[in-house]
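# Working through the structure, step by step
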Amino acid sequence: MTGLAPFRALSLAIVRGFLRDRASVFFSMVFPLMFLVLFGGLLGSQGQSEVDLVRVGEVALLDEMDADARAAFDDTFEVTRSDDLASAIAEVRRGDADVAIEMRGDTLVAHYTQTDQVKAAVTQGALRAFVDGTNVAQSGEPPRFALETERVEDESLDTIQFVTPGLLGWAVAMSAAFGAAATLQGWRQTKLLRRLQLAPVSTRTVVAARVAVTLGIALVQMAIFLGLGAAAFGLTLSGSWWAAVPLVVVGTLCFMAIGLLAGALARTTEGAVNAANIVVLPMAFLSGSFFDLSAAPGWLQAVSNVLPLKHLNEGMLDVMVRGEGPAAVLVPMAILAAFAVVVTLAAARIFRWETA
Amino acid sequence: MSAAIEVVDLAVSYGDVRAVDGVNLEVAEGEFVGVLGPNGAGKTTLLELVEGLRRPDAGTVRVLGEPVWPRNPRLLPRIGVQLQASSFFERLTTREQIHTFASLYGVAPARGDEWLERVGLVDKADTRVEGLSGGQAQRLSIACALVHDPELVFLDEPTAALDPQARRNLWDLLAGINDSGRTVVLTTHYMDEAEVLCDRVAVMDAGRVLRMDTPAALVRGLDAPARITVAPGQLRLDEARGLPGVADAVESLDGVVLVTRDPARVVARLAAEDRLDGVRVQTATLEDVFLDLTGREYRA
Ligand SMILES: Nc1ncnc2c1ncn2[C@@H]1O[C@H](COP(=O)(O)OP(=O)(O)OP(=O)(O)O)[C@@H](O)[C@H]1O
Ligand SMILES: [Mg+2]
């Protein structure tokens, strides 16, 4: 029998069990949100960090700027003075400063680092603009051409943009894996699994109910994350963000499968939850949920590429903040689906109806 | 009447333990059958095999004319099962629990409420299952087993943890179900319960059914003497020993105890001598049969 009533009753029972379990609600809903608030609130202001500039010797350009330009310059650069070019360059190399400038005759020479490509580009662009601006001002002619800039990706350097998809990926992975692991193990422990075996409901109905509830929880998590991010921390989603919805669905299935495997392997509920934890938490670190991995060593990135969470995170970043089209989620979805299938088959192989 | 349960040469082992070891039994439709046996005798395992929860190593089980293994969905709505350990959905209230089971069996929630009333749990309807006492959980578990009005009911130690009131109420309830034509199979450690309720009992030990018969036939088969206790001061020990039909007599705190194989004759004699005040007659009980069959040692 695969009637709707048993499915509804089971789903409702699972939802109630979840909502009444404070620890589950805390760890799958509140805990990741705390991280979002932490990252969004504390680090958000560092979004557009100033460029640290070392001014070596006399730099005539700065002294000859008009007042408006000078004010804009001081907004962009955090200026320190130095008389020793070599030590200033060493500072840049160490990463203590972003750029060192000196005058050679009428030429402004900027020594910058390419470590942070975005900052390097910002630095070069800004300096060139100031040089051009000063040239124009000194020629005494009003400029013929003007430039006005309008941002396409609002505040795209903001931490919140980067952090929200990663944390959401972690939250979804955690609650899907824990939910599946704890349900399987808990039901087995209380012999409910055996009791259900004797009720006229198909295994399909039982599994469908559990999957439906987990998907529902994941979508609620997504709504809360995006809603809170947008309302409180200025998160702005790019055009095809909706493509992240099917991606999250497949990602949830993948992590349910991982939880199922943990639940099938473990002998106690605690064991199952711990096993899920041991898998998901390191994976979250290695998949860039908490910090950007683009600066990490190559081998680490290679490791992270075999982790499903990495692909969930990347796919979400692509469509939610990097402005890529919906097609960007297809490859991550395929990878996650493949993971889900393989892990589910493994879990089914070692599944036992009861702890023996 | 056709057989509700047919078990042939059934056996299953857990590693080295032969939990059920060559069991044959037949239960007729409408019968009330009890399974007795010391801890670890294999009662629960036998029930689980008959319910179709376990795959037997050998032998066959047919229930209501259908094979039970592999899981037989046609059969499931027709049987009701209470497992030895209460198996509930976590963190649901009593009412939510029985409503969920009602839905699983395609039964209206109102029937669930009726059952809560029948097992006396209306006051606890909004208590979560974790907050129920052992006996209350047991009653809920029974209600969940019966909510869909099954033709055949399996109850594994349904009266364990019940207080005397709840136990008697459950007896009435089960007797009522049985009177309406349902077949009931239960396990129990209470001999009085088996004697009161069961048409037939099976005594199990070490995975085998040692004997299966009506309680009365089992007691008769034991052929044990009756014990008649006469209040102190009514009868001297030497007088007692001289009474016709008395095999032996001993003093006890309650008075003089006469051991006899002909209690009717001895009681008639005592009545004739007007010495019946405080007389108590104890014939052999199912408990004596049980101990006789299974011995007195503890089981692992
Ligand atoms: N899951 C299991 N794994 C291994 N051995 C088991 C398992 N379940 C039961 N046994 C063993 O099988 C034997 C029969 O157990 P069973 O539970 O059927 O006894 P029982 O008659 O129901 O006992 P009780 O009166 O204590 O409920 C026991 O020796 C027990 O130790
Ligand atoms: Mg038992």
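The written sequence of each chain sets the order in which its residues are numbered from 1. To read the labels, note that chains go from A and ligands from 1, taken in the order they are written. A pLDDT threshold of at least 70 governs which residues receive local features in this predicted model, and a stricter bar of 80 or more applies before side-chain atom pairs are shown or counted, although totals over entire chains, interfaces and linings include all residues. Values shown for side chains rest on all heavy atoms present in the structure; no hydrogens or waters enter the calculation.

Labelled according to an unreviewed UniProt entry, chain B appears under the name ABC transporter ATP-binding protein, originating from Nocardioides deserti. UniProt positions are given in the numbering used here, feature names are shortened, and annotations may be inferred rather than shown by experiment. Here is the UniProt Subcellular location (unreviewed entry) comment for chain B, exactly as written: "Cell membrane". Taken from UniProt, the Sequence similarities (unreviewed entry) comment for chain B reads in full: "Belongs to the ABC transporter superfamily."

Under an unreviewed UniProt entry, chain A has the name ABC transporter permease and belongs to Nocardioides deserti. UniProt annotates chain A under Subcellular location (unreviewed entry) with the comment "Membrane".

Turning our eyes to something else, we now look at the overall build of chain A. In terms of regular secondary structure, chain A is built from 14 helices and four strands. For a compact globule the rule gives 2.2 Å times the number of residues to the power 0.38, and the radius of gyration it is set against comes from C-alpha atoms. At 27 Å, chain A has a C-alpha radius of gyration far larger than the 21 Å of a compact globule built from 356 residues. In terms of its C-alpha atoms, chain A occupies a principal-axis envelope of roughly 90 × 40 × 35 Å. Taking the contacts inside chain A whose residues are at least 6 apart along the sequence as the reference set, 78% of them involve residues at least 24 apart. Only DSSP runs of H or I with at least four residues qualify as helices, and only runs of E with at least two residues qualify as strands; both kinds are numbered from the N terminus onward. Two residues qualify as a contact provided that any one of their heavy atoms is within 4.5 Å of a heavy atom in the partner residue.

Residue and element names in this part refer to chain B. Nearness here has a simple test: a residue counts as near a molecule or strand if at least one of its heavy atoms is within 4 Å of that partner. Around ligand 1, the surrounding shell holds 14 residues, and the nearest of these are G40, G42, K43, T44 and T45. Any pair of nitrogen or oxygen atoms within 3.5 Å is treated as a polar contact; in protein, a donor-acceptor pairing is required on top of that, and neighbouring residues in sequence qualify only through side-chain atoms on both sides. Side-chain polar atom of E157 to an oxygen atom of ligand 1: 3.3 Å apart, as the coordinates give it. A distance of 3.0 Å separates an oxygen atom of ligand 1 from a polar atom in the side chain of H189. Note that accessible areas follow from Shrake-Rupley with a 1.4 Å probe, and for residues the cover is restricted to the protein chains shown. If ligand 1 stood free it would expose 630 Å²; the protein chains cover 67% of that surface. Listed by contribution, the elements that provide at least two residues to the shell around ligand 1 are β2 (17-28) and α1 (43-51). For this scheme, ten residues count as nonpolar: Ala, Val, Leu, Ile, Met, Phe, Trp, Tyr, Cys and Pro. Four count as charged, namely Asp, Glu, Lys and Arg, and the remainder, Gly too, count as polar. Partitioning the shell around ligand 1 into residue classes produces five nonpolar, seven polar and two charged.

Take the nonpolar core next. As used in this record, nonpolar core signifies buried Ala, Val, Leu, Ile, Met, Phe, Trp, Tyr and Cys residues forming a set joined through side-chain atoms within 4.5 Å. Summary of the burial criterion: residues with accessible area below 20% of their type's maximum are buried, those above 50% are exposed, and those between are partly exposed, where the area comes from a 1.4 Å probe applied to protein chains only. The biggest cluster of nonpolar side chains holds 66 residues, and the ones touching the most others in it are F89, L104, W115 and L140 of chain B. With sequence-adjacent residues up to four places away left out, W115 of chain B is seen in contact with I98, A143, L146, V147, L173 and I177 of chain B. Among the nonpolar cores identified, the runner-up in size contains 55 residues, and V163, L167, F233 and V280 of chain A belong to it.

So, about the packing of helix α9 (residues 203-233) of chain A against helix α10 (residues 244-265) of chain A. All names here are of chain A. Axis geometry follows a simple rule: fit a line to the C-alpha atoms, using only the stretch in contact for helices, then measure angles between N-to-C directions, giving values from 0 to 180 degrees. It is at 10 Å that the axes of α9 and α10 come closest, and there the two elements cross at 130°. Considering their axes alone, α9 and α10 lie oblique with respect to each other. Both α9 and α10 take part in a crossing whose hand is right-handed. Within the contact between the two elements, α9 uses R210, V211, T214, L215, A218, L219 and M222 and α10 uses A244, V245, V248, V249, T252, L253 and M256. Orientation categories follow fixed angle ranges, with anything under 35 degrees roughly parallel, anything over 145 roughly antiparallel, 65 to 115 roughly perpendicular, and all other angles oblique. Left-handed describes a crossing in which the near helix is turned anticlockwise from the far one by less than a right angle; the clockwise case is right-handed.

It is worth spelling out the packing of aromatic side chains at this point. Centre distance within 6.5 Å is the pairing criterion for rings of Phe, Tyr and Trp, where only the six-membered ring of Trp is used; planes under 30 degrees apart are then read as stacked, over 60 as edge-to-face, and the remainder as tilted. Going through the model one piece at a time under the given rule, you end up with 15 aromatic pairs over all chains. Here F26 of chain A and F31 of chain A contribute two aromatic rings whose centre-to-centre distance is 5.8 Å and whose plane-to-plane angle is 35°, an arrangement assigned as tilted. The class of F26 of chain A is partly exposed, set by a relative accessible area of 31%. Here, a charge over a ring means that NZ of Lys or CZ of Arg falls within 6 Å of the ring centre while also lying within 35 degrees of the ring normal. The ring of W115 of chain B carries the charged tip of R118 of chain B above its face, separated from the ring centre by 4.4 Å.

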